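# Structural description and commentary
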Number of protein chains: 2
Amino acid sequence: MADVVAGDGLDRLSLNVWTTKGWSLPEAVAGCVAAGVPGIGLWRDKVAEVGLDVAARLVRDSGLTVTSLCRGGFFTGDAAHRAAAASDNRRAVYEAAALGAGVLALVAGGLPSGSTDLAGTRAQVAEGVAALAPYAAGHGVRLAIEPLHPMFCADRAVISTLGQALDLAEQADPSGAAVGVCLDSYHVWWDPQLLAQIGRAGPRIFAFQVSDFLVPIPPDALLGRGHLGDGVIDVPALARAVLATGYPGLIEVEIFNQDVWDTPGEQTLRTVIGRHRRYLSAITDAGRPGSC
Amino acid sequence: MADVVAGDGLDRLSLNVWTTKGWSLPEAVAGCVAAGVPGIGLWRDKVAEVGLDVAARLVRDSGLTVTSLCRGGFFTGDAAHRAAAASDNRRAVYEAAALGAGVLALVAGGLPSGSTDLAGTRAQVAEGVAALAPYAAGHGVRLAIEPLHPMFCADRAVISTLGQALDLAEQADPSGAAVGVCLDSYHVWWDPQLLAQIGRAGPRIFAFQVSDFLVPIPPDALLGRGHLGDGVIDVPALARAVLATGYPGLIEVEIFNQDVWDTPGEQTLRTVIGRHRRYLSAITDAGRPGSC
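Right, let's walk through the structure included here. By convention here, each chain's residues receive numbers from 1 onward along its written sequence. Lettering for chains starts from A, numbering for ligands starts from 1, and both go in the order in which the items are written. Predicted model: local features are reported for residues with pLDDT of at least 70 only, side-chain atom pairs are reported and counted for 80 or more only, and whole-chain, interface and lining totals are derived from all residues. Only hydrogens and water are removed before side-chain values are computed, so all heavy atoms of the structure are retained for them.

### Brief notes about the state of the cysteines
The term disulfide is used for any two cysteine sulfur atoms that are within 2.5 Å. In total, this model carries 0 disulfides over all chains according to the counting rule given. Cys153 of chain A provides the cysteine sulfur closest to Cys153 of chain B, a residue in no disulfide bond, and the two sulfurs are 17 Å apart.

Below, the structure is given as structure tokens:
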């Protein structure tokens with residue numbers, strides 16, 4: 001991290017590779033290093049493009065901190081699907097360990113096709129997390145359950161709130177060391193219990209992702225994320241709350257947005273850096289040892 | 001209600017006039033009477049088309065139970081907007097009283113343009129409800145705060161959960177007689193705390209609206225509602241929970257969906273009736289005096 005200058009405001013910035021979707025993993029790593037961004041969040045598809053060994057060596061040699069690997073989970077469905085998911089999740093844990101990711105983000109999975117059994121589906125998630133937890137712990141990988149916005153409850157994640165994710169994490173791992181949560185501003189900003197649940201979460205926040213929530217929501221709601229400041233979320237307030245728990249990690253910028261994806265990676269990363277400096281550097285600097 | 005035959009399974013069915021959007025108010029009233037549907041949910045725009053006096057006489061003469069008037073609220077914004085909203089809300093209360101509606105549904109309002117102050121905006125809603133409550137009580141109209149799905153938090157309603165709506169209602173009216181909630185399956189089905197909060201709500205559930213949640217969500221999320229059975233919500237389970245609180249009212253079908261709106265009113269009402277019989281009649285009949 002030779003390019004990182006102390007006090008440049010980027011100490012706690014991480015770039016999720018899907019934010020610069022047009023970049024390959026080597027391009028994203030090089031981009032972060034060149035720009036002095038100390039962290040990177042990985043996705044398994046980008047890793048697979050170059051192969052696990054190459055990716056692991058690449059990120060290790062770069063000196064970047066790997067803030068998360070996205071993603072495992074999808075615990076819901078019939079027995080065959082669940083068995084396949086369990087196998088794939090063990091593979092994801094293995095990849096996270098190899099990449100030095102430390103944290104594997106888990107997306108719960110939605111209602112199985114034709115089902116209206118929300119409680120039963122949530123029980124499948126609890127079972128899946130509990131079964132994966134010892135395997136992950138054995139590999140030194142922490143599991144971070146990610147609540148998704150309720151608009152994705154049916155098709156993607158039946159875990160919709162931070163409180164619910166914490167209930168699951170506590171159930172699977174009373175110690176708090178192995179199973180926690182991935183908090184993404186886009187998914188949780190609306191929750192009236194958010195600040196109280198962040199306080200409850202304490203050290204169980206294993207990953208912290210940010211983007212803004214754009215209005216109106218585009219036809220594909222998955223892509224309704226924007227750069228900080230372009231939407232309705234008070235991300236600085238959220239970051240202050242997360243950092244107040246003692247969260248020691250980086251703040252990862254993960255933006256799904258077709259316009260952002262159509263922009264050259266260099267330009268997107270410049271915007272990410274600019275917005276981080278504008279909205280978050282003062283907050284993260286305030287928590288730096290030696291700062292006043 | 002001469003056409004209603006005891007035991008026909010429709011005793012607790014109400015048609016919201018927006019479900020048959022192509023129908024005028026007189027057509028909707030005539031349609032309900034002819035079909036033996038005992039209740040109707042009104043919207044102010046449909047009332048305005050014929051005028052308040054004509055509408056009030058029409059529904060009174062029909063013998064239909066008016067299950068709700070939609071809607072007041074939109075308490076959020078700058079001082080001028082809030083003053084205008086307060087005035088319009090008093091007018092809505094007056095209309096509800098004239099129509100014999102008994103219940104006025106309140107939609108909170110979203111974040112003011114450019115604002116990210118969710119807590120401050122929610123405080124505006126609390127102020128607005130508290131200010132309206134005595135006026136409504138003086139007119140014999142109960143206020144029903146309607147939590148909207150979190151995907152509408154930014155642009156339509158900063159009140160997103162039943163728990164949050166109950167907090168507001170309790171704050172504005174400790175007695176429980178004047179301010180309660182309007183529970184709409186489409187908006188609340190995903191909430192992990194839903195059943196617990198329904199239990200908490202007890203007699204504060206003043207209106208109960210149902211539709212199904214369609215997947216995928218259409219480009220305009222407002223229109224993603226379907227007839228019961230066409231989506232992912234276990235409406236019968238929800239209805240059982242609501243009726244278990246002693247909810248004495250009707251179950252109002254409110255569907256926003258372009259395909260449904262493009263269907264002739266008679267046909268839509270036949271579908272509404274068919275689905276009510278298939279999914280809800282056994283539940284509502286079980287609660288009828290004299291039923292086994």
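### Quick notes on the pairing of strand β7 (residues 205-210) of chain B
Residues and elements named next belong to chain B. The buried count for β7 comes to 6 of 6 residues, which makes it a mostly enclosed element. One requirement defines pairing of two strands: DSSP has to find at least two bridges between them. Helix and strand assignments follow DSSP, with helices taken as H or I runs no shorter than four residues and strands as E runs no shorter than two, numbered in order from the N terminus. One ladder, built from 4 bridges, connects strand β6 (residues 179-184) with β7; its direction is parallel. Residue pairing in the sheet places Leu183 in a bridge with Phe208 of β7. Two elements, β7 and strand β10 (residues 251-253), share 3 bridges in a ladder whose sense is parallel. Pairing of Val210 across the sheet is with Val253, part of β10. When a residue's accessible area, from a 1.4 Å probe over protein chains only, is under 20% of the maximum for its type it is buried; when over 50% it is exposed; and in between it is partly exposed.

### Structural notes on the packing of helix α6 (residues 162-172) of chain A against helix α8 (residues 194-201) of chain A
Residue and element names in this part refer to chain A. Geometry is summarised by axes, namely lines fitted to C-alpha atoms with helices restricted to the contacting stretch, and by angles between N-to-C directions that run from 0 to 180 degrees. Here α6 crosses α8 at 20 degrees, and the two axes come no closer than 9 Å. The angle between α6 and α8 falls in the class roughly parallel. α8 is crossed by α6, and the crossing has left-handed handedness. Listed contacts from α8 to Leu162, Gly163, Leu166, Asp167 and Glu170 of α6 are Leu194, Gln197, Ile198, Arg200 and Ala201. When an angle is under 35 degrees it counts as roughly parallel; over 145 it counts as roughly antiparallel; between 65 and 115 it counts as roughly perpendicular; any other value is oblique. A crossing counts as left-handed when the near helix is turned anticlockwise from the far one by less than a right angle, and as right-handed when that turn is clockwise. Throughout, a residue-residue contact means that at least one pair of heavy atoms, one from each residue, lies within 4.5 Å.

### Side note on the environment of His187 of chain A
Residues and elements named next belong to chain A. Following the sequence through the fold, His187 ends up in helix α7 (residues 185-188). With a relative accessible area of 2%, His187 lands in the buried category. On a C-alpha basis, the gap between His187 and Ala86 in space is 25 Å, while along the polypeptide they are 101 residues apart. Contact partners of His187, with chain neighbours within four places excluded, come to Glu146, Pro147, Leu148, His149, Pro150, Phe152 and Arg225.

### Some thoughts on the relation of the copies chain B and chain A
Superposing the copies works by least squares over the C-alpha atoms of residues that have pLDDT at least 70 in both of them. After a rotation of 180 degrees and a shift along the axis of 0.0 Å, chain B superposes on chain A with an RMSD of 0.0 Å. The relationship between the two copies is best expressed as a two-fold rotation axis. Closest approach to the rotation axis within chain B is made by the C-alpha atom of Pro219 of chain B, at a distance of 2.0 Å. Both copies contact each other with a shared surface, as 100% of the interface residues of chain B are interface residues in chain A too.

### Some words on helix α3 (residues 52-62) of chain B
Residues and elements named next belong to chain B. For α3, every residue scored as buried is listed here: Leu52, Ala55, Ala56, Val59 and Ser62. For α3, the angular spread of the buried residues around the axis is 140 degrees, confining them to a single face. Among the exposed residues of α3, those oriented more than 90 degrees off its buried face are Asp53, Arg60 and Asp61. Along its buried surface, α3 packs onto α1 (25-35), β2 (39-43), α2 (44-50), β3 (65-73) and α4 (79-99). Within this analysis, the arc is defined by the directions that extend from the helix axis to the C-beta atoms.

### Quick look at the interface of chain B and chain A
Each side of the interface is counted separately: chain B has 26 residues, and chain A has 26 residues. Accessible-area loss on putting two parts together, using a 1.4 Å probe and summing over both, is the definition of buried area adopted here. A combined buried area of about 2000 Å² lies between chain B and chain A, and 70% of that area is made up of carbon and sulfur atoms. Salt bridges, as used here, are contacts in which a Lys or Arg side-chain nitrogen is within 4 Å of a carboxyl oxygen on Asp or Glu. Here chain B and chain A share 0 salt bridges between them. Here a polar contact means two N or O atoms within 3.5 Å. Within protein one must be a hydrogen donor candidate and the other an acceptor candidate, and residues neighboring in sequence count only if both atoms are side-chain atoms. Along the contact surface separating chain B from chain A lie 2 residue pairs in polar contact (both at pLDDT 80 or more).

### Re the nonpolar core
Nine residue types can take part in a nonpolar core, namely buried Ala, Val, Leu, Ile, Met, Phe, Trp, Tyr and Cys, and a core is a set of them joined through side-chain atoms within 4.5 Å. Grouped together as the largest cluster of nonpolar side chains are 193 residues, with contacts concentrated most on Leu42, Leu183 and Trp189 of chain A together with Leu42, Leu183 and Trp189 of chain B. When neighbours within four sequence positions are excluded, Trp189 of chain A is seen to be in contact with Leu194, Phe213, Val232 and Ile233 of chain A together with Leu111, Leu118, Cys153 and Ala154 of chain B.

### Remarks on the pattern of salt bridges
All names here are of chain A. All told, the structure shown has 20 salt bridges over all chains when counted by the stated rule. In this structure, Arg275 engages Asp230 in a salt bridge whose closest nitrogen and oxygen atoms are separated by 2.9 Å. Note that Arg275 is positioned in helix α11 (residues 265-279) and Asp230 in the loop between β9 (225-226) and α9 (235-244), a separation of 45 residues in sequence.

### Here we look at the sheet that holds strand β3 (residues 65-73) of chain A
Residues and elements named next belong to chain A. Read around the closed barrel, 8 strands run β1-β2-β3-β4-β5-β6-β7-β10, paired in parallel fashion. Adjacent strand axes in the sheet meet at a mean angle of 30 degrees, parallel and antiparallel pairs treated alike. Pairing geometry for strand β1 (residues 13-16) and strand β2 (residues 39-43), over 3 bridges, is parallel. Each residue of the ladder has a partner; that of Asn16, found in β2, is Gly41. Against the sheet, α6 makes contact with β5 (142-145) and β6 (179-184), and its axis sits at roughly 165 degrees relative to β6, the strand it touches most.

### Examining the layout of surface pockets
Of the pockets and cavities examined, the largest pocket occupies roughly 830 Å³. The dominant element in the lining of the largest pocket, judged by the number of residues it contributes, is helix α6 (residues 162-172) of chain B, at 5 residues. Its residues placed into classes, the lining of the largest pocket shows 16 nonpolar, 12 polar and 8 charged. Reported here for the second largest pocket is a volume of approximately 540 Å³. Using protein atoms alone on a 1 Å grid, points that fit a 1.4 Å probe yet trap it form a cavity, whereas open point sets bounded by protein on both sides within 12 Å along at least five of seven lines form a pocket; residues with an atom within 4 Å of a point count as lining. Taken together, 22 residues make up the lining of the second largest pocket; nearest its centre are Leu118, Ala119 and Arg122 of chain A together with Asp191 and Leu195 of chain B. Grid points are joined across faces, edges and corners, and a volume is the space filled by probe spheres set on the points. In this classification, Asp, Glu, Lys and Arg are treated as charged, Ala, Val, Leu, Ile, Met, Phe, Trp, Tyr, Cys and Pro as nonpolar, and every other residue, Gly included, as polar.

### Here we look at the packing of helix α5 (residues 118-138) of chain B against α6 of chain B
Residues and elements named next belong to chain B. Interhelical geometry of α5 versus α6 gives an angle of 45 degrees and a closest axis separation of 9 Å. Judged by the angle between their axes, α5 and α6 are oblique. The handedness of the crossing between α5 and α6 is right-handed. Residue-level contacts link Arg122, Val125, Ala126, Val129, Ala130 and Ala133 of α5 to Gln164, Leu168, Gln171 and Ala172 of α6. Its residues assigned to classes, the contact of α5 with α6 comprises 7 nonpolar, 2 polar and 1 charged.

### Examining the side chain of Thr20 of chain B
Mapped onto the secondary structure, Thr20 of chain B falls in the loop between β1 (13-16) and α1. Dropping the residues within four chain positions of it, Thr20 of chain B is found in contact with Leu15, Ala28, Lys46, Gly265 and Thr268 of chain B.

### Overview of the side chain of Asp191 of chain B
Summarising the element assignment, Asp191 of chain B is placed in the loop between α7 (185-188) and α8 (194-201). Positive residues here are Lys and Arg, negative ones are Asp and Glu, while His and the chain termini are left out of the count. One buried charge, Asp191 of chain B, has no salt-bridge partner; the nearest side chain with opposite charge is Arg122 of chain A, at 6.9 Å. Among all residues touching Asp191 of chain B, those that are not within four sequence positions of it are Arg122 of chain A together with Thr161 and Leu162 of chain B.

### Considerations on the packing of aromatic side chains
For any pair of aromatic rings, the description consists of the separation of the ring centres together with the inter-plane angle of the planes. In this scheme Phe, Tyr and Trp rings, the latter by its six-membered ring, pair at centre separations within 6.5 Å, and the angle between planes marks the pair as stacked below 30 degrees, edge-to-face above 60, and tilted otherwise. Throughout the structure, instances matching the rule amount to 17 aromatic pairs over all chains. Their ring planes at 85 degrees and their centres at 6.2 Å tell us that Phe208 of chain A and Tyr247 of chain A sit as a pair that is edge-to-face. Here Phe208 of chain A is found in strand β7 (residues 205-210), whereas its partner Tyr247 of chain A is found in the loop between α9 and β10 (251-253), with 39 residues between them in sequence. Exposure class is identical for Phe208 of chain A and Tyr247 of chain A. Each is buried. When the centroid spacing of 5.5 Å and the interplanar angle of 80 degrees are considered together, the rings of Trp18 of chain B and Trp261 of chain B count as edge-to-face. With Trp18 of chain B in the loop between β1 and α1 and Trp261 of chain B in helix α10 (residues 258-261), the pair connects residues that are 243 residues apart, well separated along the chain. Given a relative accessible area of 13%, Trp261 of chain B falls into the buried group. Connected via pairs of aromatic rings, a cluster forms that spans Trp18, Trp43, Phe256 and Trp261 of chain A. Here Lys21 of chain A stacks its cationic end above the ring of Trp18 of chain A, 5.4 Å away from the centre of that ring. The rule is short: NZ of Lys or CZ of Arg within 6 Å of the ring centre and within 35 degrees of the ring normal puts a charge over the ring. Stacked on the ring of Phe256 of chain B, the Lys or Arg Arg225 of chain B has its end atom at 4.4 Å from the ring centre.

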